[in-house]
Amino acid sequence: MHKQRGMTLIEVMVALTIVAIGLTAGLKAASALARNTERLADVLAGQWCADNQLTGLRMTKQFPPVGDSDVSCVQADHTYRIHLIVRPTPNPNFRRVDAQVHDDLDQPVLTLSTILTRFP
């Protein structure tokens, strides 16, 4: 009677398949984590840009005219385009201002809104 030692070719192939599936799942998870980290950095830098623009409007203490305008902002070595949208409100003493932030590829990053008053 001869005792079999070692693994068969099928057992080796099954083990290699399991390892390959595990490594693929790990690479996908690491890639998703890297993309999420990059997106979070874009949102944070975009929010700084939008906050700076809206704070600048408040500090001028002037009632902004209704209309749209574009400005650019550089944060963390990235250039963001900010589309400022000023709209009237039902109360004529207030204006709604939306700051829509777009990245280098003109993809939307975030929108930040505020209400500005006629009286400082």
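Placed above this text is the structure.
Residues numbered from 1 in each chain as written. Predicted model: local features only at pLDDT ≥ 70, side-chain atom pairs only at ≥ 80, totals over all residues. Heavy atoms only, no water.

Colleague: Go over the environment of Thr111 with me, naming the residues and quoting the values.
Modeller: Relative to the elements of secondary structure, Thr111 occurs in strand β4 (residues 108–117). Once the C-alpha coordinates of Thr111 and Ile82 are considered, the two residues, 29 residues apart in sequence, prove to be 9.2 Å apart. Setting aside residues up to four positions removed in sequence, Thr111 forms contacts with Asp98, Ala99 and Gln100. (Helix = DSSP H or I, 4+ residues; strand = E, 2+ residues; numbered from the N terminus. Contact = heavy atoms within 4.5 Å.)

Colleague: For the pattern of salt bridges, give the residues involved together with the corresponding values.
Modeller: Following the criterion strictly, the structure yields four salt bridges and no others. The partner of Asp68 in a salt bridge is Arg87, and the shortest N-O contact between them spans 3.0 Å. Linking Asp68 in strand β1 (residues 67–75) with Arg87 in strand β2 (residues 78–88), this pair joins segments that are 19 residues apart in sequence. By relative accessible area, which is 45% here, Asp68 ends up partly exposed. Since its relative accessible area comes to 36%, Arg87 is described here as partly exposed. Where Asp98 meets Arg96, a salt bridge forms, and the shortest distance between an N and an O atom there is 2.9 Å. Through salt bridges with shared partners, a single ionic network connects Asp70, Arg81 and Asp106. (Salt bridge = Lys/Arg side-chain N within 4 Å of Asp/Glu carboxyl O. Buried < 20%, exposed > 50% of the residue type's maximum accessible area, 1.4 Å probe, protein only.)

Colleague: Can you lay out the sheet that holds β1 for me, pointing to particular residues and giving the numbers?
Modeller: Across the sheet, which stays open at both edges, the four strands sit in the order β1-β2-β3-β4 with antiparallel pairing between neighbours. The two strands at the open ends of the sheet, each matched to only one other strand, are β1 and β4. Here the strands of the sheet are splayed against their neighbours by 20° on average, with no regard to which way each runs. In this sheet, strand β3 (residues 94–102) lies alongside β2 in antiparallel orientation, the contact comprising eight bridges. Residue pairing in the sheet places Arg87 in a bridge with Arg96 of β3. Helix α1 (residues 9–60) contacts β1, β2, β3 and β4 of the sheet and is inclined by roughly 20° relative to β4. (Pairing = 2+ DSSP bridges. Axes fitted to C-alpha atoms, helices over the stretch in contact; angles between N-to-C directions.)

Colleague: Tell me about a nonpolar patch on the surface, residues and numbers included.
Modeller: Together, Met7, Leu9, Val12, Met13 and Leu16 give the surface a local cluster of nonpolar side chains, amounting to about 520 Å² of exposed area. Considering the arrangement of structural elements, one finds Met13 in helix α1. (Patch = residues over 30% accessible without salt bridge, like charges linked within 9 Å, V, L, I, M, F, W, Y side chains within 5 Å. Areas by Shrake-Rupley, 256 points an atom, 1.4 Å probe, with all protein chains shown as cover.)

Colleague: An account of α1 is requested, with residue identities and associated values reported.
Modeller: Spanning 52 residues, α1 covers 77 Å between terminal C-alpha atoms, matching the ideal 76 Å at 1.5 Å per step. Those residues of α1 that are buried are in contact with β1, β2, β3 and β4. (Expected span 1.5 Å × (residues − 1).)

Colleague: Report on the state of the cysteines, specifying residues and quantitative values.
Modeller: Per the stated rule, a full pass over the model turns up one disulfide. Across the disulfide, Cys49 is cross-linked to Cys73 (sulfur-sulfur distance 2.2 Å). Where Cys49 bonds to Cys73 through sulfur, the torsion about that S-S bond is close to -75°, and the disulfide is left-handed. Taken together, the residues span a long stretch of sequence, with Cys49 in helix α1 and Cys73 in strand β1 at a distance of 24 residues. The class of Cys73 is buried, set by a relative accessible area of 10%. (Disulfide = S-S within 2.5 Å.)

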